[in-house]
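Below are the chains, spelled out letter by letter.
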Amino acid sequence: MSSLEIKNLHVSTGDKEIVKGVTLAINTGEIHAVMGPNGAGKSTMAKAIAGHPDYTITQGDVLLDGKSILEMESDERARAGIFLAFQYPSEIPGVSIANFLRAAIQARMSEGEEIDASGFYKRLYQKMDLLKIERTFTSRAVNEGFSGGEKKRTEILQMAMLEPRFALMDETDSGLDIDALRVVADGVNSLRGPSLGILLITHYQRLLGYIVPDFVHVMIDGCIVKSGDKTLALELESRGYDWVKKEFANA
Amino acid sequence: MSEITDTEQLETTAENPVIGIDQLAGDFKYDMTYDFDAGTGLSERTVDYISAVKKEAPWIREFRQNALKTFLSKPLPTHWASKDLETIDFSKIRYYLSQGLKPKRTWDEVPADIKRTFERLGIPEQERKYLAGVEAQFDSEAAYSNIKEAVSKQGVIFVNSTEGLRAHPEIFRRFFGKVIPTGDNKFSALNSAVFSGGSFIYVPPGVKVSHPLQAYFRINAENFGQFERTLIICDEGSELTYMEGCTAPKFSTATLHSAVVELVALKGAKIQYITVQNWSSNVFNLVTKRGLAHEEAQIKWIDCNIGSRLTMKYPGVVLKGRKARGEVISIALANDGQHQDTGAKMIHAADETTSTVVSKSISVGQGRATYRGIVHIPRQLKGCKNNTECDALLINTNSRTDTYPAITVRGDRHAVQHEASVSRVSAEQIFYMQQRGLTEGQAMSLSVNGFVNELARQFPMEYSVELKRLIDLEMEGSVG
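The model shown is predicted, which means the values in this text are computed figures rather than measured ones.

1. Points about the interface of chain B and chain A
Facing the 16 residues of chain B at the interface are 30 residues of chain A. Across the chain B to chain A interface the summed buried area is about 1,900 Å²; carbon plus sulfur atoms make up 60%. Ranking the residues of chain B by area buried against chain A places Phe431, Tyr432 and Arg436 of chain B at the top, with a combined share of 39%. At the boundary of chain B with chain A, the tally comes to one salt bridge. The partner of Arg436 of chain B in a salt bridge is Glu155 of chain A, and the shortest N-O contact between them spans 2.5 Å. Our count for the chain B to chain A interface comes out at 14 residue pairs in polar contact (both at pLDDT 80 or more). Of all the elements in the fold, those that place two or more residues in the side of chain B that touches chain A are helix 9 (427–434) and helix 10 (440–456) of chain B. If one sorts the elements of the side of chain B that touches chain A by residue count, helix 9 of chain B sits on top with six residues. For the side of chain B that touches chain A, the per-class residue count stands at six nonpolar, eight polar and two charged.

2. Structural notes on the sheet that holds strand 10 (residues 223–228) of chain A
Residues and elements named next belong to chain A. Judged by pairing direction, the sheet is mixed, and its six strands sit side by side in the order 6-7-8-3-9-10 without closing on themselves. The open sheet terminates on both sides in strands that have one partner only, identified here as strand 6 (82–85) and strand 10. Across this sheet, the average inter-strand angle for adjacent strands is 20°, counted without regard to direction. Sheet topology note: the strand 7 (residues 166–170)/strand 8 (residues 197–202) ladder contains five bridges and is parallel. Bridge pairing in strand 8 places Leu168 opposite Leu199. Most of the contacts of helix 5 (residues 148–162) go to strand 6, to which it runs at about 170°, and overall it touches strand 6, strand 7 and strand 8.

3. Looking at the pattern of salt bridges
Working definition: two side chains of opposite charge can pair if their charged atoms are close together. Residues and elements named next belong to chain B. Tallying each qualifying case throughout the model produces 38 salt bridges over all chains. Lys382 is the salt-bridge partner of Asp351, the closest N and O atoms lying 3.5 Å from each other. Of this pair, Asp351 sits in the loop between strand 19 (339–348) and strand 20 (354–363) while Lys382 sits in the loop between strand 21 (368–377) and strand 22 (385–394), and the two are 31 residues apart along the sequence. Several salt bridges share partner residues, and in doing so they unite Arg368, Arg400 and Asp402 into one network.

4. Some thoughts on the packing of aromatic side chains
Residue and element names in this part refer to chain B. As enumerated under the stated definition, the model contains 20 aromatic pairs over all chains in all. Ring centres of Trp107 and Tyr144 lie 3.9 Å apart, and the angle between their planes is 15°; on these two criteria the pair is classed as stacked. One end of the pair, Trp107, is in the loop between strand 2 (97–98) and helix 3 (112–120); the other, Tyr144, is in strand 4 (residues 141–147), and 37 residues separate them in sequence. Judged by relative accessible area, which is 11%, Trp107 ranks as buried. Look at Tyr144 and you get buried, because its relative accessible area is 2%. Their ring planes at 55° and their centres at 4.9 Å tell us that Tyr273 and Trp301 sit as a pair that is tilted. Pair noted here: Tyr273 is in strand 13 (residues 270–279) and Trp301 is in strand 15 (residues 298–307), with a separation of 28 residues, a long-range link. Here the two residues Tyr273 and Trp301 agree in accessibility, since each one is buried. In textbook terms, an aromatic cluster arises when at least three aromatic residues are bridged by ring pairs, as seen for Trp59, Phe63, Phe172, Phe176, Phe195 and Phe200. Between Arg173 and the ring centre of Trp59, over which it is positioned, the NZ or CZ distance is 4.2 Å. We note Arg229 situated over the ring of Phe195; from NZ or CZ to the ring centre the distance is 5.8 Å.

5. Brief notes about the confidence of the model for chain A
Here chain A averages 93 in pLDDT, and 100% of its residues register 70 or above. At the low end of the mean pLDDT range in chain A sits helix 8 (residues 242–250) of chain A, at 84; at the high end sits strand 6 of chain A, at 98.

6. Focus on a nonpolar patch on the surface
Residues and elements named next belong to chain B. Nonpolar side chains collect at one region of the surface, where Ile407, Val409 and Val416 lie side by side and expose about 180 Å² of accessible area between them. Within the secondary structure, Val416 is located in strand 24 (residues 415–424). Since its relative accessible area comes to 33%, Val416 is described here as partly exposed.

What counts, and where the lines are drawn
Residues numbered from 1 in each chain as written. Chains lettered and ligands numbered in written order. Predicted model: local features only at pLDDT ≥ 70, side-chain atom pairs only at ≥ 80, totals over all residues. Heavy atoms only, no water. Contact = heavy atoms within 4.5 Å. Buried area = accessible area lost by both parts, 1.4 Å probe. Salt bridge = Lys/Arg side-chain N within 4 Å of Asp/Glu carboxyl O. Polar contact = N/O pair within 3.5 Å; in protein donor to acceptor, adjacent residues only side chain to side chain. Helix = DSSP H or I, 4+ residues; strand = E, 2+ residues; numbered from the N terminus. Nonpolar A, V, L, I, M, F, W, Y, C, P; charged D, E, K, R; others polar. Pairing = 2+ DSSP bridges. Axes fitted to C-alpha atoms, helices over the stretch in contact; angles between N-to-C directions. Phe/Tyr/Trp six-rings, centres within 6.5 Å; stacked < 30°, edge-to-face > 60°. Buried < 20%, exposed > 50% of the residue type's maximum accessible area, 1.4 Å probe, protein only. Lys NZ or Arg CZ within 6 Å of the ring centre and 35° of its normal. pLDDT = per-residue confidence, 0-100. Patch = residues over 30% accessible without salt bridge, like charges linked within 9 Å, V, L, I, M, F, W, Y side chains within 5 Å. Areas by Shrake-Rupley, 256 points an atom, 1.4 Å probe, with all protein chains shown as cover.

Right, here's the structure in full:
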C-alpha cells in the first residue's frame with residue numbers, strides 16, 4: 001500500500017495565497033472527493049502537488065510514501081506515480097496519442113531499455129476496449145480538435161496506460177453531457193482497485209452518483225472545512241455550501 | 001599548390017586521431033594528406049589547377065575562367081539576406097583538395113580513414129539496406145561511387161561530375177548550366193568556376209528507378225570550400241528519387257559549401273530530390289538549386305536544413321511545359337547563432353501548371369528562420385495554381401522568424417493561395433507533457449517533432465527517423 005500525505009499545504013500564485021493549510025491523507029485503494037464552490041482552491045492544490053511552475057508552495061509538505069516530493073521536478077513526480085487528469089488538457093499538434101503514450105512510457109524505462117512495440121499496442125488496445133474508445137482514435141493528435149468528452153476520455157486512457165499510484169482528477173466532469181459523464185465514470189470505476197488512490201475534484205455531486213467516493217471533503221476559501229463519507233456529498237447537494245461555511249465559522 | 005602527378009595512388013599518413021567528438025554525428029575528422037591541393041585563395045591559377053587535375057576539355061576550362069570573371073564582378077547579395085556574408089574571406093579558402101580522382105567501386109578499396117568516416121555516418125549500411133546507388137564525396141572528389149548492376153543495366157548513368165564530363169560529354173554539355181546560368185548569382189558563378197564532384201545522373205526514357213540514389217557530401221578539411229555540381233536529367237516518362245546528406249566537423253574557422261544543382265525533367269518525368277543537411281555551425285551553406293519541368297513533368301524538392309551558420313537556399317522549379325507540377329517541402333531548424341534563410345521559387349511558364357510550397361521552420365534560442373519565396377505567374381498564361389503555406393514555430397522569447405513571400409500574378413485565370421502562421425510552444429503544453437513523465441527537453445523535442453510530423457511523413461522512412469534524431473539532438477540543452 002502507498003500513501004500520499006498532504007500536510008498543512010499553503011500555495012500561492014503571484015502574491016496571492018490560494019490554498020491556506022490543507023491536510024489530507026490518501027491511501028491506495030481509496031477515493032477521496034474534494035468538493036467546494038468555484039475559487040475555493042481545489043484545482044490549485046492539485047496543480048501544486050503535480051509541480052505546476054505557476055504555483056509556489058510556501059508552507060507545508062507533500063509526502064509520497066513518507067518522502068517529500070517538493071524538491072522533485074514535475075516530470076519526476078509523474079514518474080514516481082502521480083498523475084494529474086487535467087481540467088483543460090493541452091493540445092499537442094502533430095503528436096498522435098499512441099506516440100505520446102509511447103514517449104511517456106519510454107521515459108519511465110531505464111537507459112538503454114526499449115519499449116516493446118507489439119506489447120505496447122496490445123495493452124493500448126485492451127485499455128481502449130475497456131474505455132469504449134475506437135481504435136482509430138490513437139492516430140489522432142493529442143487533444144487537437146477534440147470535443148470535451150474526447151479530451152476527458154483521453155485523460156482516462158493515459159491514466160490507464162501509465163498506471164499511476166495516485167490520480168488527481170481535476171473537474172473531470174466539467175463540460176461533459178450525461179452520456180460522456182457515464183463513459184468517463186465507467187472508465188474510472190474500471191481502474192479503481194487496491195493499487196490506485198484517487199483525489200476526485202468536483203463541484204457537483206452529479207459525478208459522485210457514478211463514482212462513489214470513500215471520503216468526501218469540503219474545501220472553502222483554501223481550507224478543508226468538513227470531512228465525511230459519501231452522505232456528506234448528498235447533503236451538500238440538497239443544502240448547498242452555506243451551512244458548512246457557517247458551521248465552520250462558528251466552530 | 002601541390003604538384004600534379006599522374007599517380008592516383010593513395011597514401012594516408014593519418015594517425016587517425018578523432019578530434020572533437022560531441023553528440024553531433026558529423027562532428028569528427030581524421031587528419032589527411034591530400035595528393036591534390038589547389039592551395040589557399042582564388043585566382044585564374046586556381047581554376048587552371050583544378051581543370052588540369054581533372055584533365056578537362058578546353059571548353060570547360062574556358063567555362064570556368066569566364067565564371068571566375070563573373071564571380072569577381074558580382075557583388076555579394078548582402079543587401080537582402082544578411083551582412084554575415086561579408087565575413088567570408090575568399091582569399092583564405094582552399095578550393096580543391098583530393099586524394100585522387102577515381103572513386104572506388106567497393107568500400108574495401110576506399111582508403112581506411114575515409115571509409116571509417118562514412119561508416120560512422122552509416123552510409124555503407126544504408127546502401128545495403130535500401131539504396132540503388134551511392135556516391136560518397138570526401139572534400140572535393142567522390143571516394144566511392146557505385147550503382148547496383150540491375151539499375152545500370154537499365155541504362156541509368158550515375159557518376160560524379162568529372163566522370164560525367166569525361167564519359168558523357170554529349171548529354172552533359174547539352175544540359176549543363178542551362179537551368180542555372182553562371183551569372184544567376186555570385187555563388188552560382190563561384191561554383192561554376194571551381195566546381196568539383198557532385199552527381200551526374202541520366203535516366204533513360206520510361207525507366208523508373210525503384211530505389212533512391214544517394215549522394216553524401218562530407219567536408220573534412222578546415223578552411224575548405226566544397227563546390228559540388230549536380231546535374232540530373234530524367235528523360236521522358238522516367239522516375240527518380242535522389243537523396244543527399246551532408247555533414248562537416250566543427251572548426252573554429254568558417255567553411256564554405258556552395259553547390260549548384262540542376263534538374264531537368266523531360267515530358268512526363270518525375271524527380272524527387274531529398275536533402276537532409278546537418279552542417280556544423282561554422283558552415284556557410286550557399287546553394288543554388290533549380291529544376292526545369294517540361295510538359296506533365298513533376299519535380300519535388302524535399303529540403304531539410306539543420307545546422308550551418310548561414311544557409312541561403314531557395315529550391316526552385318521552372319514550370320516550362322503544360323501541366324507541369326512543382327513542389328517544395330522544406331523544414332528548417334535555426335538554433336542559437338544560426339540563420340536559415342530558405343524558401344522556394346516557382347516560376348510558371350506554361351498553362352495549367354501547378355506549384356505547391358510548404359515550409360515549416362523552428363527557431364530556437366536566438367536562432368533566426370526566414371522564409372523567402374517567389375511565385376511568378378505571367379499574364380499570358382491560364383489555369384495556373386499555386387498554394388503556399390509557411391508555418392513558423394518559436395521556442396524561446398528571443399527567437400526570430402521572418403516571412404518574405406513575393407507573389408506576382410498577372411491575368412485573371414489563376415488560383416493562388418498563401419497561408420502563414422506563427423506559433424509558440426506554450427508553457428502549459430510543456431507542463432502537460434512533463435506531467436506525463438517526459439523531461440522538459442523530451443517534451444520540447446516531441447512538440448517540435450509534432451510540428452514537422454505532417455511533412456516528415458512524406459520522407460522515406462529512414463530519413464524521417466534521421467530527421468527525428470537530429471531534432472532531438474538539436475533540442476537537447478535548448479531549454480531551461
